[in-house]
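# Structural characterization, general
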Protein chains: 2
Amino acid sequence: MLSPSDGVPHFPGELFAREIHQQPEALLGLLEHEREYAALAHAIAERAPALIRFVGHGSSDNAATYGVYAFGLVPHLTAMRDSISLSVYYDAALDFSASVVLALSQSGRTPDVVEYVERARSRGAFTVALTNEPGSELEQAADATLPLAAGAESAVAATKTYVNQLAALALLAGGIAGRGVELAEALRATAELLSRSLSNLEADVRPVAASFAYVGRMYAIGRGLEFATAREVALKLTETCRIAAEPLTATSLAHGPVAALDSLFPVWTIASRDASLPAVVEAAARVRDAGATIVASGSAADEIDAPYVLPVPAAPTPLLAPLLSVVPGQLFAAALSQTKGFDADRPEGLNKVTIAR
Amino acid sequence: MLSPSDGVPHFPGELFAREIHQQPEALLGLLEHEREYAALAHAIAERAPALIRFVGHGSSDNAATYGVYAFGLVPHLTAMRDSISLSVYYDAALDFSASVVLALSQSGRTPDVVEYVERARSRGAFTVALTNEPGSELEQAADATLPLAAGAESAVAATKTYVNQLAALALLAGGIAGRGVELAEALRATAELLSRSLSNLEADVRPVAASFAYVGRMYAIGRGLEFATAREVALKLTETCRIAAEPLTATSLAHGPVAALDSLFPVWTIASRDASLPAVVEAAARVRDAGATIVASGSAADEIDAPYVLPVPAAPTPLLAPLLSVVPGQLFAAALSQTKGFDADRPEGLNKVTIAR
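Residues numbered from 1 in each chain as written. Chains lettered and ligands numbered in written order. Predicted model: local features only at pLDDT ≥ 70, side-chain atom pairs only at ≥ 80, totals over all residues. Heavy atoms only, no water.

### Here's the deal with the overall build of chain A
- Helix and strand counts for chain A stand at 13 helices and 10 strands.
- Its C-alpha atoms give chain A a radius of gyration of 19 Å, near enough to 21 Å, the size a compact globule of 357 residues would have.
- Its C-alpha atoms give chain A principal-axis dimensions of about 50 × 50 × 40 Å.
- Expressed as a percentage of its 357 residues, the buried residues of chain A come to 66%.
- Of the contacts made within chain A by residues no fewer than 6 positions apart, 75% connect residues no fewer than 24 positions apart.
- As presented, chain A carries roughly 11,600 Å² of accessible surface, and 50% of it is formed by carbon and sulfur atoms.
- Each charge class in chain A was averaged separately, 26 positive and 39 negative side chains, and the resulting centres sit 3 Å apart. (Helix = DSSP H or I, 4+ residues; strand = E, 2+ residues; numbered from the N terminus. Rg over C-alpha atoms; globule rule 2.2 N^0.38 Å. Buried < 20%, exposed > 50% of the residue type's maximum accessible area, 1.4 Å probe, protein only. Contact = heavy atoms within 4.5 Å. Areas by Shrake-Rupley, 256 points an atom, 1.4 Å probe, with all protein chains shown as cover. Lys, Arg positive; Asp, Glu negative; His and termini not counted. Charge placed at Lys NZ, Arg CZ, Asp CG, Glu CD.)

Okay, structure coming up:
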């Protein structure tokens, strides 16, 4: 299906599709840096931070959503997606002395992320840059650096850098809790599972995507660990297929947005087998009652009564489920974008490095 | 324009419209409780919390977005919208001992908010219920209570309870910083400004709303303090007009969603005169380049090159701008909902008290 990796795309969206398939390899690339992650995890654990602050935009912010759960569940640390504007625009005099900052930027060049790190550091935070570009401005601004090691990503819409960000956060959270080796093993197994299932997932997704050629708006819903996946799938659909796709937690859906649903407004649901599953099942029932079409994905997709079901294998541990459940969404975006004649490699109005403030 | 307040609506959306007009009066109702706010602010200041954790859904969560800024800017406390699912579904063993929880629920009956408060309290948090219903379950679960005092709200889509939540958070943040009296005065002046401008705003909004009868999707963008407004305006449009309206920070727009814009995908921008204004002006330029129509609102609406401009008066202090800038969005939703023949008082699939998990 894919042309050889000679770097030159032969059809629109080829880079995007190729990079989706490179994800198992990218994960293994990250795991080569296991020792660096273990060392930094040790340094963070020694500080016993009161608060982990994530910053990032786009897919990096979606990965941070996952990080809140990974850090809460594994080392039991409170983590938040911090407000960049509070520090960068308003220069709020916050106390960062008990905080560790994890700054996520694939390019390491996002201006307000770099500026946030400079300010947080000057106010006492221990700052860590997690980037795919060695030597970037973000690295220079931070106290410490972790490599994302996903390999060069050329499509504007992120895929392997996103999955590697999730893996990096899980590995770091594991290391802080003294469970780094266990998490690294589970990540290796996840890469293997993904490698074995990618072709089947792609074959499952393609005919479903074809039915969505005229869809203008969607919701993507998840809960808990999988809310990050809902955010990332929605972003891929928005960027590459020009669908107004909004991510919602399963619970938020009932607090307003369900009112807008109808038969032309499909909902992508992510259902994984963990404690948040009942909330997703309940939300799917509301979606059905509103007459909207459901695409069910995730390891517990078969628990959802839906016309389109795109299950993924269960991860070695529920914590790593989001690394697998995002993949049908990526493949769906790739296939639908192609059906619509768009170029997922270079979406309208976007650049690989976003310099917007 | 409005029928007498006899409680019985004479046309669909009448309750919603009436409650928008009751907002100045609701603000004054809250200010009657100035002493209770001052006392609780004092109790919170004495604890010197390391972290303020907000929880809430829907409009309450939007108010929490504002709270992050109010607490960061006035008493310089780090505040976050906490993950409910991390505690309620996953039972994460987080340390709440240095935290103050502010739980927002208009009804005081949102199940997972009540359960979150119970768990946070048992893990050492000082918990405060901010609700419009005295004696509610949420009050019973929390250590302390603050009245929202907005008066009965009958329309399903929240208006005056939202504005009173903003005011309550500003007043509490002010009290913690020893600036409670100053904030109360500014809130009184804001109520007065709003009272004087509501009829004019309504007259400005009505013809604009009529042009949007066939719009299916929108973004609402703001930055900093006004991101809460973007979230709340988007929610009103979604609930009452069945528009897929997604809130975005001005910066997030450039990190993906701008790719989906076209001439049928208008963008509501909130531009207020503060340090975040340049980011909003820059985002509006991207929106224009993408060929999308802009509605500019806020006190600096005239800084945006837009076909529709709905300015609001400058607030007595920039911190309170969101109490005024949300109003054109509420009025627009009321007018457009009527144009489309919907009932803003009882949107499809929603109840006043949401019991979804």
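### So, the interface of chain A and chain B
- Opposite the 65 residues of chain A that make contact, chain B presents 65 residues.
- Both faces considered, chain A and chain B share a buried interface measuring about 5,200 Å² in area, 60% of it formed by carbon and sulfur atoms.
- Between the two partners, chain A and chain B, sit two salt bridges.
- Among the salt bridges present, the one from aspartate 112 of chain B reaches arginine 223 of chain A, with a minimum N-O distance of 3.2 Å.
- Joining chain A to chain B, the criterion identifies 20 residue pairs in polar contact (both at pLDDT 80 or more). (Buried area = accessible area lost by both parts, 1.4 Å probe. Salt bridge = Lys/Arg side-chain N within 4 Å of Asp/Glu carboxyl O. Polar contact = N/O pair within 3.5 Å; in protein donor to acceptor, adjacent residues only side chain to side chain.)

### Some points on the packing of aromatic side chains
- Taken as a whole, this structure holds 14 aromatic pairs over all chains when the rule is applied.
- Ring geometry for phenylalanine 212 of chain A and phenylalanine 332 of chain A: centres 5.2 Å apart, planes at 75°, overall edge-to-face. In this pair, phenylalanine 212 of chain A sits in the loop between helix 9 (180-210) and strand 6 (217-222) while phenylalanine 332 of chain A sits in helix 13 (residues 321-339), placing the two residues 120 residues apart along the sequence. This pair shows no difference in class: phenylalanine 212 of chain A is buried, exactly as phenylalanine 332 of chain A is.
- Both rings, one in tyrosine 219 of chain B and one in phenylalanine 265 of chain B, keep their centres 4.5 Å apart while their planes meet at 45°; by these two values the pair is tilted. Residue tyrosine 219 of chain B is located in strand 6 (residues 217-222), and its partner phenylalanine 265 of chain B is located in the loop between helix 11 (250-254) and strand 8 (267-270); the two are separated by 46 residues in the primary sequence. Exposure class is identical for tyrosine 219 of chain B and phenylalanine 265 of chain B. Each is buried.
- Put simply, the rings of Phe212, Trp268, Tyr308 and Phe332 of chain A pair up and form one aromatic cluster.
- The aromatic ring of phenylalanine 96 of chain B is capped on one face by arginine 53 of chain B, whose charged end is 4.1 Å from the ring centroid.
- The ring of phenylalanine 342 of chain B is capped by arginine 242 of chain B, whose NZ or CZ atom sits 5.8 Å from the centre of that ring. (Phe/Tyr/Trp six-rings, centres within 6.5 Å; stacked < 30°, edge-to-face > 60°. Lys NZ or Arg CZ within 6 Å of the ring centre and 35° of its normal.)

### Some remarks on the relation of the copies chain A and chain B
- Rotating chain A by 180° about the axis while translating it 0.0 Å along that axis superimposes it on chain B, leaving an RMSD of 0.0 Å. The symmetry that links the two subunits is that of a two-fold axis. (Least-squares fit on C-alpha atoms with pLDDT ≥ 70 in both.)

### What about the domain arrangement of chain A?
Residues and elements named next belong to chain A.
- When its domains are assigned, chain A resolves into domain 1 (14-188) and domain 2 (199-339).
- Between domain 1 and domain 2, the C-alpha centre-to-centre distance is 25 Å.
- Taken together, the 27 residues of domain 1 in the interface contact 24 residues of domain 2.
- Across the domain 1 to domain 2 interface the summed buried area is about 2,100 Å²; carbon plus sulfur atoms make up 68%.
- Counting across the domain 1 and domain 2 interface gives one salt bridge.
- Of the charged contacts, one joins aspartate 61 and arginine 231 as a salt bridge, the two residues approaching to 3.0 Å between their closest N and O atoms.
- Between domain 1 and domain 2 we count 11 residue pairs in polar contact (both at pLDDT 80 or more) in total.
- Per-element accounting of the side of domain 1 that touches domain 2 gives the leading share, eight residues, to helix 4 (residues 59-73). (Domains from an automatic or database assignment.)

### With respect to the pattern of salt bridges
Residues and elements named next belong to chain B.
- For the structure on display, the rule yields 42 salt bridges over all chains.
- Across the pair glutamate 182 and arginine 179 runs a salt bridge, and its minimum N-O distance is 2.9 Å.
- Residue classification places glutamate 182 among the partly exposed residues on the basis of a relative accessible area of 44%.
- Residue class for arginine 179 comes out partly exposed when judged on its relative accessible area of 32%.
- In this structure, arginine 273 engages aspartate 302 in a salt bridge whose closest nitrogen and oxygen atoms are separated by 3.4 Å. One end of the pair, arginine 273, is in the loop between strand 8 and helix 12 (277-289); the other, aspartate 302, is in the loop between strand 9 (294-298) and strand 10 (308-311), with 29 residues separating them in the sequence.
- Given the relative accessible area of 45%, arginine 273 is considered partly exposed.

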